[in-house]
Amino acid sequence: MKSLRELIEEAVTEALVAVVGPEGAEIDPLVRPTPDPQFGDYQSNVAMGLAKRLRRKPAEIAADLVAALHLDAVCEPPEIAGPGFINFRIRPAYLSEVLGRLQADPRVGVPLAEQPERTIVDFSSPNLAKEMHVGHLRSTIIGDAIARVLEFQGQDVLRLNHVGDWGTQFGMLIQHVRETQPDVLQHPERFRIDDLESFYREAKQRFDNDPAFADAARRAVVDLQSGEEVANRLWQTFCAESLRHAHEIYDRLDIRLIDRGESFYNPMLPEVVEEFLARGLAVEAEGAVCIFLEGFKNREGGPLPVIIRKSDGGYNYDTTDLAGIKHRVQVEQARRIIYVTDIRQRQHFDMVFAAARAIGWVPEGTKLEHVGFGMVLGPDRRPFKTREGGTIKLKELLDEAEARAAGVVEAQDERRRELSPEQKAEIARAVGLGAVKYFDLSHNLASDYVFDWETMLALDGNTAPYMLYAYARIRSIGRRAGVDLDALPSDVPLIIEHPSEVALAKELVQFPTVIQQVAVDLRPHLLTEYLYGLSRAFSTFYDRERGVRVIDAEPEGVRLSRLRLAEMTARVLKLGLGLLGINVVEQM
RNA sequence: GCCCUCGUAGCUCAGUGGAUAGAGCGCGGGUCUCCGGAACCCGAAGCGAAGGUUCGAUUCCUUUCGAGGGCACCA
C-alpha cells in the first residue's frame, strides 16, 4: 500500500505533466510534511522553484497545479499559501478508511518483502580474550534492532557475530597460561571467564614490559597457526568459555547471534592475497603486501594502503574482512551486508569496501554498509569507566539497570500495592533492560552519549519507562472498560472526528513509513522518535480536556471506535518496541 | 599536517533546502471536581562565527573557532 506522501507525490507529478508537459514527470514534486498543522499535513514546494524556469509567478503555477490535481478522495481541496506553497490536508474519512484496513492486520500495514533480500548484519563482535564490557553495548543493541526491523520486513537475515577469536592477544594468553597455569590444561572445565579476564590483564602487562615474554607470545601465535596441540587446546578452551559467557549476556538481552569468528576465514586468507596480487591490484611495499586505493592518504600525505599481508607474513583484519566480504557475497549470497561498529572504524571499512569493489567481488546492486556509532561516555564526558578507571562489565551494568529499575517500580507500586513480587521482578527486568536499550537507540547514531541512569529511568520524557507505562496504561483501559482489546471485531467502523482522534489516526497510519525508513537508513532512533510521538498523541487523545471520553463514551459505536484506536496504539507500541528488542509488560 | 564525525534552549537530546527550529528535565505562571495526570495550557531561553550558492540556508559549499576520533603492518 502506498503511503500518504507517495499518493500526493504521484498526484503532484501527474499535475506537473499536465501543466508543464511530459518533462514534468522528471521534476521532484517536493512533497514534505508541513512544519505546522495550520498548513495541513503535507505541502508541495515545487511551484517556487519552477517560477524562474517558467517565467511566471509561483502562485499562478501553484493555482494551475491545484486545478490539475486529482486527490479528492484523499485530501480536502488543496490550498495555496505564502509565496506558492500548496498545502494538503488529509480527509478524516480517508484516514478512517485506511485505519479500517489496518485494524485487522497484525503487521499494521507493514508490507512483507515480496523478494526477501539476503542480508547479513554483522554486530556485537566482542574480543574473546576479554569479558564483555560496555564497549560492546552499542553494537549489540543497535545491530539487534536493525536485524529485527529487517526480519520483520521479511528479509532473509543472517546475524553474524564476528568475534575476535584470533591474533596476538591469544598468543599472549596462551603463553602466559602455559607458563603459569598448568592446571588449566589438565582441567579446562574449571576455567571461567573471570580467570580469563585476570589472565589477560597479567599477560598484557608482561607483554608490554618483558621483551622475552613478548617474543614468546609471538611464537605462541605461530604455534597456534601451525596447529600445535597445546596452544590449540588452550585456544579452544578460551573461546568456548568466552562464547558461553557472551551468550549468557545475549540470552538475557533476548538476542540471537550466530558465532562466526575471525578464525573461520583463516583458510581463505592466502588466496585473498594471491588474488589481489594476480590481478595486479596489490603490490609489495616495505615487505608487506599492500593495496593502494585512490583517495586514501596517510599522515604525511602519501598513499595509505590496505595491508593484506604483513611484512612478517601474517594477516590482519584487513585481510580477514576482505575474505569475509568475498565469502559473504559468493557463498552466503548476501545482497546487503551491514557492519555495526563504532564510528572510528569508518575509514577501515571505506577502504575495505573500496578494495572489494575494485577486485570485482561485489556485484552491482549489492550493498556494503557501515553503521557507525559514537561512544558511551561517563559523567565526566570521558569514555565510560568505573570510578577506579576500569572497564565496566556488561553483566554488572545490566545488574545495576535491573536493580535501579526495581526501585522505580517499587515507587510506582506504592500508590496501588497490587503487584506480586514476581510481577515486580518481571517489570523491573523489562524496565531496566528496556531503559538501557531505549536510551542507546534513541540517540542519533553518530553522536556520543553520556550514560545517565537518572535520565534513562525517568518516567517522563522519551524513555523506556515512559513508553512501557504508556503501553501498560492503554492495556488497563481495556480491563477497566470490561473489554478484551484483543477480541474486538476486526471491522469496527472507525469514527475519526475529534481533533485528537484525527491526530492519533495520522500517527498510526505513519507506522509502515517509519519502518521502511529505518530499514533503508538504518537509523533506529527514527523509530523511538515515532513511538514517542505516538504516545504523546494518545496522551492528548485520552486527556480529559483536550481529548475525548473513551471507556464511558457514547453511543456504543463511538466507544468501540475509540477502544479500537487505543488497541491499535498499544499494538503499534508493542510491535515497535519489540523491533527495538524491548519487551512490554501488561502492568506497571 | 590530512581526513572523518560533531557543535541546536541552563542541562539531555531531536530536526528540515522552504512559511513561526521542536521535545524532556529544570525555571516562571495558569487550568481541569482528575476514564491510573505517561495531565494539560501559557511563558522565558537556542542553530559556535563569517562569507558564498539559492526566490528561500540551521540544512548545501568555503573559510574560521571549538570538541572527539582516524591516519602502514593492533582490531
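Residues numbered from 1 in each chain as written. Chains lettered and ligands numbered in written order. Predicted model: local features only at pLDDT ≥ 70, side-chain atom pairs only at ≥ 80, totals over all residues. Heavy atoms only, no water.

A. Structural context of the nonpolar core. In terms of nonpolar packing, the biggest core is built from 135 residues, with Leu-99, Phe-511 and Leu-527 touching the most fellow members. Excluding its chain neighbours within four sequence positions, the residues that come into contact with Leu-527 are Phe-511, Val-514, Ile-515, Val-518, Gly-576, Leu-579 and Leu-580. Ranked by size, the runner-up nonpolar core spans 33 residues in total, among them Met-268, Ile-308, Ala-355 and Leu-368. (Core = buried A, V, L, I, M, F, W, Y, C linked by side-chain atoms within 4.5 Å. Buried < 20%, exposed > 50% of the residue type's maximum accessible area, 1.4 Å probe, protein only. Contact = heavy atoms within 4.5 Å.)

B. Broad picture of the pairing of strand 8 (residues 282–285). Pairing of strand 8 with strand 9 (residues 288–297), which is carried by four bridges, proceeds in the antiparallel orientation. Across the sheet, Val-283 pairs through a bridge with Cys-290, a residue of strand 9. Hairpin connection between strand 8 and strand 9: a loop of two residues separates the two successive antiparallel strands, and Glu-286 in this loop has a positive phi of roughly 50°. (Pairing = 2+ DSSP bridges. Helix = DSSP H or I, 4+ residues; strand = E, 2+ residues; numbered from the N terminus.)

C. Region of interest: the packing of helix 18 (residues 499–509) against helix 20 (residues 525–542). Following both chains from N to C, one finds helix 18 and helix 20 inclined at 160°, their axes separated by 9 Å at the closest point. Here helix 20 runs roughly antiparallel to helix 18, going by the angle between their axes. By crossing handedness, the relation of helix 18 to helix 20 is classed as left-handed. Residues Ser-500, Glu-501, Ala-503, Leu-504, Glu-507 and Leu-508 of helix 18 pack against Tyr-530, Gly-533, Leu-534, Ala-537, Phe-538, Thr-540 and Phe-541 of helix 20. Per-class residue counts for the contact of helix 18 with helix 20 are eight nonpolar, three polar and two charged. (Axes fitted to C-alpha atoms, helices over the stretch in contact; angles between N-to-C directions. Parallel < 35°, antiparallel > 145°, perpendicular 65-115°, else oblique. Left-handed = near helix turned anticlockwise from the far one by under 90°. Nonpolar A, V, L, I, M, F, W, Y, C, P; charged D, E, K, R; others polar.)

D. Main features of the sheet that holds strand 11 (residues 336–342). As summarised here, the arrangement of the five strands in space is 7-6-5-11-12, forming an open sheet in which the pairing is parallel. The strands lining the two open edges of the sheet, one partner per strand, are strand 7 (258–259) and strand 12 (367–373). Pairing of strand 5 (residues 118–122) with strand 11 involves four bridges; the strand directions are parallel. Opposite Ile-120, over in strand 11, you have Ile-337 as the bridge partner. Each of strand 5, strand 6 (156–161), strand 11 and strand 12 is contacted by helix 12 (residues 317–330), which is oriented at about 150° to strand 11, the strand it contacts most.

E. Spatial organisation of the side chain of Arg-148. Position of Arg-148 relative to the elements: it lies in helix 5 (residues 137–152). The contacts of Arg-148, once residues within four sequence positions are left out, are Arg-159, Asp-254, Gly-578, Leu-579, Leu-580 and Gly-581.

F. Representation of unusual backbone geometry within the structure. Across the junction of Glu-554 and Pro-555, the peptide omega takes the value -5°, indicating a cis bond. Among the structural elements, Pro-555 can be located in the loop between helix 20 and helix 21 (556–579). Of note in this structure, Leu-30 is not a glycine but carries a positive phi near 50°. Summarising the element assignment, Leu-30 is placed in the loop between helix 1 (4–20) and strand 1 (31–33). You can call Leu-30 partly exposed: its relative accessible area is 27%. For Arg-55, which is not a glycine, the phi torsion comes out positive at approximately 55°. Here Arg-55 lies in the loop between helix 2 (46–54) and helix 3 (58–68).

G. Examining helix 14 (residues 394–413) more closely. If you check helix 14, its first and last C-alpha atoms are 28 Å apart, about what 20 residues at 1.5 Å a residue would give, namely 28 Å. Three or more residues of helix 14 are buried, namely Leu-394, Leu-397, Leu-398, Ala-401, Glu-402, Ala-405, Val-408, Val-409, Gln-412 and Asp-413. The arc enclosing the buried residues of helix 14, seen along the axis, measures out at 140°, which places them on a common side. (Expected span 1.5 Å × (residues − 1). Arc of directions from axis to C-beta.)

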